[in-house]
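One letter stands for each residue in the lines below.
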Amino acid sequence: MFKKKDKSSKVYEFWYLFLLIVGICIGSGIYVKNQELISQTKSPWIATVLWLTIGMVCVISIVVFMEIAKSTEKEGNGTVSNWCKLFINRKFASFVSVLYTTIYMPAYQSIFVSLTIAYFFAFTGITPDPAALLTVYIIVGVSLYVLFAFVNIYAANISRKMQFLAMFIKFIPLIIAFFAGFLIAILGSNPKSNGMGMANGTDLLFMNFLGGMGAILFSFDGYIFTANTQKSAKNKEIVPIAIISGLVFITLFYVLMAFSLFLGGDGSVEAVLIQVFSGFSQNPSETSIKAASTVVYLIMFLICLLNINMFTHFGTSNLLSDHNMKLIYLRKGENGFKKSALTQAAISITFYVSLVLIGALTVHGNWKGMSTNFNETHIVIDGDGNEKIQRVWSLVAFATAPMFYIGIMSSVCVVLIFIVISTLMIAAMVNRKTQKVKVNKVKFFWPAAIISTILFLFFTICGLIVFLVPQLIDDSNMNWTTNGGMMFTIIFIVTLAATFVVWLLQERMFKKYPFKNGFDGEIDKDMKVNNWMAAKEAQELKEMKNESKTKIKSA
């Protein structure tokens, strides 16, 4: 009887963890980055191979993080910054924490703030001039940052419900698009589909493989935190099986999803859904296309809007966690969660406004700054050899132009974080020899660590090269200065330099205002940041205890 009950408990926990991992990893990446892969790799085949390759490396590397996460299984927070503190040293961990706070979280928040605004224009059909578009980006964008910061501070339950809604909303379009893409290919109802053919007859060149690495790493980012589920699992032996099974499923899903989107459209979820809502017609009317586009862009608007809430919470809880672990400096005060939320919002707003201004005011691609004409046209040659007048801008392309550098930075910040992750895996291998951190050893650690570290370093370095020198994969006539490469390189260097300066200033503040018991003392070991709003609840509980102690002393 007890064996039967134990068996059912293990099955339940397996499926709970499996679905949790799938929910964490599948989401915004396939919406935001899959179409980007076509422009970067020039081939659906290359893009699909990259989905499979990087996905399988993630599956292998999770074995390493199963061991790393055992260091915080009993106490402490399972974040990259805290793991770096344990396995490397406190100073490097503090730099990683600053990197997360000043680049990583702002980039993620910024891309969804920008896309929320762009999809609003897309589904309403409003066509602003460049000056009006920039004004909306600044005023509405800043307002969204402030709004969701206050929602997370003062309306935690609403924030949590919004995120559950987001999980529900994001999967419905994906499931529909998944099956619809293959159906469209079978019916041949989308004459504009690239299918799985090569774009513009481009050959399978090595440099094309490099182009999509940043975008795909963006989609898999966050998978390492699934190793934290060891902390609360009752059946510990089930965790690695559930995690690896989940990651294999996610990889296969991404690969098949990419096939579906390429076969049924241009690689984007929107293109396939527009075909669905217009009735799979080979020659849909303008009215049906417009109606279908409106529905799709409304769905995309809601998904991006709710993702702002998600990353606002992640940014706040990550900052609060790192402050608790003595990795980042915050001035002393009563409400740690509120202070963390407002600090992260201020940093993200500065990041967002700076990149939007640069993206809107400079020239890149077809965008000519404030002199850009939405109604601009050019002559193209159709399949029959006839000249045809074609508009340069679609409303979506026009509306997303000011976020040009935000889109690139969102991929590059992930490349930087994967370099940190690779460094952490190297430190875990060194720890096997030094035993600096006492952890339970996991099976297949060495082959998993060696293979995944080498491949991740290769992926990230190649991805960074492509972003810094984009003309290597650009078959157009644009050079390094006109395709955004030069400006991005400047932004990248300045951003990294600013992060380093912030880290130096923070180290000075640590010396000026030292902790009473050093960097390992006065840590709230009960704080948990992996569950939704747990950081806020833990902080509030701590404040209530402090208030009670104060009242007792005064009495």
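All residue numbers here refer to positions counted from 1 along the written sequence of the relevant chain. Local features in a predicted model are, by the rule used here, given only for residues with pLDDT of at least 70; side-chain atom pairs are given and counted only at 80 or more, and totals for whole chains, interfaces and linings are based on all residues. Side-chain numbers here rest on the full set of heavy atoms in the structure, without hydrogens or water.

1. Description of the overall build of the chain
Okay, step 1: Only runs of H or I of at least four residues qualify as helices and only runs of E of at least two qualify as strands under DSSP, and these elements are numbered from the N terminus. Check the secondary structure of the chain and you find 18 helices and four strands.
Okay, step 2: The rule is simple: take the accessible area with a 1.4 Å probe, protein chains only, and divide by the maximum for that residue type; under 20% is buried, over 50% is exposed, in between is partly exposed. Split into buried and exposed, the 555 residues of the chain put 54% on the buried side.
Okay, step 3: Every residue pair with non-hydrogen atoms within 4.5 Å of one another is taken to be in contact. Sequence separation of 24 or more characterises 81% of the internal contacts of the chain that already satisfy a separation of 6 or more.
Okay, step 4: In short, Shrake-Rupley with a 1.4 Å probe defines the accessible areas, and a residue's cover is counted only from the protein chains shown. Summed over its atoms, the accessible surface of the chain is roughly 25,300 Å², and 66% of this surface lies on carbon and sulfur atoms.

2. Structural notes on the side chain of Thr316
Okay, step 1: Positionally, Thr316 belongs in helix α12 (residues 286-324).
Okay, step 2: Only 2.8 Å separates the side chain of Thr316 from the backbone oxygen of Thr312, close enough to count as a polar contact.
Okay, step 3: The contact partners of Thr316, leaving out residues within four places of it in the chain, are Phe337, Ser340, Ala341 and Gln344. The term polar contact refers here to a pair of N or O atoms within 3.5 Å; inside protein, the definition further demands a hydrogen-donor-capable atom paired with an acceptor-capable atom, and it admits residues adjacent in sequence only when both atoms are side-chain atoms.

3. Examining the nonpolar core
Okay, step 1: Ranked by internal contacts, the top residues of the largest apolar core, which has 149 residues, are Trp51, Phe65, Tyr223, Ile250 and Phe456.
Okay, step 2: Considering each element in turn, this core owes the most residues, 19 residues, to helix α5 (residues 90-124). What we call a nonpolar core is a set of buried Ala, Val, Leu, Ile, Met, Phe, Trp, Tyr and Cys residues that are connected through their side-chain atoms within 4.5 Å.

4. A word on the pattern of salt bridges
Okay, step 1: Salt bridge criterion: a side-chain nitrogen from Lys or Arg within 4 Å of a carboxyl oxygen from Asp or Glu. One pass over the full model with this rule turns up four salt bridges.
Okay, step 2: Between Arg90 and Glu507 there is a salt bridge; the shortest N-O distance is 2.7 Å. Of this pair, Arg90 sits in helix α5 while Glu507 sits in helix α17 (residues 485-512), and the two are 417 residues apart along the sequence. Both residues of the pair, Arg90 and Glu507, belong to the buried class.
Okay, step 3: Close ionic contact of Glu376 with Lys368 constitutes a salt bridge, the shortest N to O distance being 3.7 Å.
Okay, step 4: Take Glu376: its relative accessible area is 25%, and that puts it in the partly exposed class.
Okay, step 5: Judged by its relative accessible area of 38%, Lys368 is partly exposed.

5. Some details on the packing of helix α4 (residues 80-87) against helix α15 (residues 404-434)
Okay, step 1: Across the interface, α4 lies against α15 with an axial gap of 10 Å and an inter-helix angle of 35°. By crossing handedness, the relation of α4 to α15 is classed as left-handed. Of the residues in α15, those touching α4 at Val80, Trp83, Cys84 and Phe87 are Val420, Leu424, Ala427, Ala428 and Asn431.
Okay, step 2: Amino acids are sorted into nonpolar (Ala, Val, Leu, Ile, Met, Phe, Trp, Tyr, Cys and Pro), charged (Asp, Glu, Lys and Arg) and polar (every other residue, Gly among them). Considering only residue class, the contact of α4 with α15 consists of eight nonpolar, one polar and no charged. Where helices are involved, their axes are fitted lines through C-alpha atoms of the stretch in contact, as for all axes, and angles between N-to-C directions lie from 0 to 180°. Crossings are sorted by hand: turned counterclockwise from the far helix by less than a right angle, the near helix makes the crossing left-handed, and turned clockwise it makes it right-handed.

6. Examining the side chain of Ser340
Okay, step 1: Mapping Ser340 onto the fold places it in helix α13 (residues 336-361).
Okay, step 2: For Ser340, a relative accessible area of 0% gives the class buried.
Okay, step 3: Setting aside residues up to four positions removed in sequence, Ser340 forms contacts with Thr316, Leu319, Leu320 and Leu330.

7. Some thoughts on the packing of aromatic side chains
Okay, step 1: For this analysis, a ring pair means two rings from Phe, Tyr or Trp (six-membered ring only for Trp) whose centres lie within 6.5 Å, classed as stacked if their planes differ by under 30 degrees, edge-to-face if by over 60, and tilted for the remaining angles. In this structure the tally under the stated criterion is 35 aromatic pairs.
Okay, step 2: Relative to Tyr297, the ring of Tyr119 has its centre 5.9 Å away and its plane inclined at 25°; by these criteria the two rings are stacked. Taken together, the residues span a long stretch of sequence, with Tyr119 in helix α5 and Tyr297 in helix α12 at a distance of 178 residues. Here the two residues Tyr119 and Tyr297 agree in accessibility, since each one is buried.
Okay, step 3: One aromatic cluster in this structure is built from Phe14, Trp15, Phe18, Trp51, Phe178, Phe179, Phe182, Phe249, Phe253 and Tyr254.

8. Some remarks on the environment of Thr116
Okay, step 1: Mapped onto the fold, Thr116 is located in helix α5.
Okay, step 2: Given the relative accessible area of 3%, Thr116 is considered buried.
Okay, step 3: For Thr116 and Ile303, which are 187 residues apart along the polypeptide, the C-alpha to C-alpha distance reads 8.3 Å.

9. Details of a nonpolar patch on the surface
Okay, step 1: Each patch is built from residues that are more than 30% exposed by relative accessible area and take part in no salt bridge. Like charges join if they lie within 9 Å; nonpolar side chains (Val, Leu, Ile, Met, Phe, Trp, Tyr) join within 5 Å. A grouping of Tyr12, Tyr16, Leu20 and Ile24 is seen on the molecular surface, where their side chains present a nonpolar patch of about 440 Å² in accessible area.
Okay, step 2: The residue Ile24 is located in helix α1 (residues 2-25) in this model.

10. Brief notes about unusual backbone geometry
Okay, step 1: Positive phi is not limited to glycine here, since Gln435 has a value of about 60°.
Okay, step 2: Locating Gln435 in the fold gives a position in the loop between α15 and α16 (445-468).
Okay, step 3: Residues other than glycine seldom take positive phi values, yet Phe444 does so here, at roughly 65°.
Okay, step 4: With respect to the helices and strands, Phe444 occurs in the loop between α15 and α16.
Okay, step 5: Classification of Phe444 by relative accessible area gives exposed; the value is 65%.

11. Overview of the packing of helix α7 (residues 156-187) against α12
Okay, step 1: At a closest axis distance of 9 Å, the pairing of α7 and α12 adopts a crossing angle of 140°. Classified by the interaxial angle, the pair formed by α7 and α12 is oblique. The two elements α7 and α12 cross, and the hand of that crossing is left-handed. Seen from α7, the contacting residues are Ser159, Met162, Gln163, Leu165, Ala166, Ile169, Lys170 and Pro173; seen from α12, they are Ile299, Ile303, Leu306, Asn309 and Met310.
Okay, step 2: When the residues that make up the contact of α7 with α12 are grouped by side-chain class, the tally is nine nonpolar, three polar and one charged. Reported orientations rely on four angle classes, namely roughly parallel under 35 degrees, roughly antiparallel over 145, roughly perpendicular from 65 to 115, and oblique for the rest.

12. Examining the environment of Ala341
Okay, step 1: Within the secondary structure, Ala341 sits in helix α13.
Okay, step 2: Ala341 gets classed as buried once you look at its relative accessible area, which sits at 2%.
Okay, step 3: Taking the C-alpha atoms as reference, Ala341 lies 7.7 Å from Thr312; in sequence the two are 29 residues apart.
Okay, step 4: With residues near it in sequence (within four places) discarded, Ala341 still touches Ala149, Ile153 and Thr316.

13. Description of the environment of Pro173
Okay, step 1: Here Pro173 is to be found in helix α7.
Okay, step 2: On the accessibility criterion, Pro173 (4% relative accessible area) is buried.
Okay, step 3: Residues contacting Pro173, with those up to four places away along its chain left out, are Tyr31, Leu273, Ile299 and Ile303.

14. Details of the confidence of the model for the chain
Fine structural detail should not be taken from predicted coordinates in areas where pLDDT scores are low.
Okay, step 1: With 79% of its residues at a pLDDT of 70 or more, the chain has an overall mean of 80.
Okay, step 2: A residue's pLDDT is the predictor's confidence in that residue, given on a scale from 0 to 100. The element-level mean pLDDT for the chain is lowest in helix α18 (residues 534-554), coming to 50, with helix α6 (residues 130-154) highest at 96.
Okay, step 3: Confidence drops under pLDDT 50 across residues 471-476; counting only partners more than four residues distant or on other chains, this segment forms 14 contacts.
Okay, step 4: The low-confidence segment residues 528-541 (pLDDT under 50) makes 38 contacts with residues lying over four places distant or belonging to another chain.

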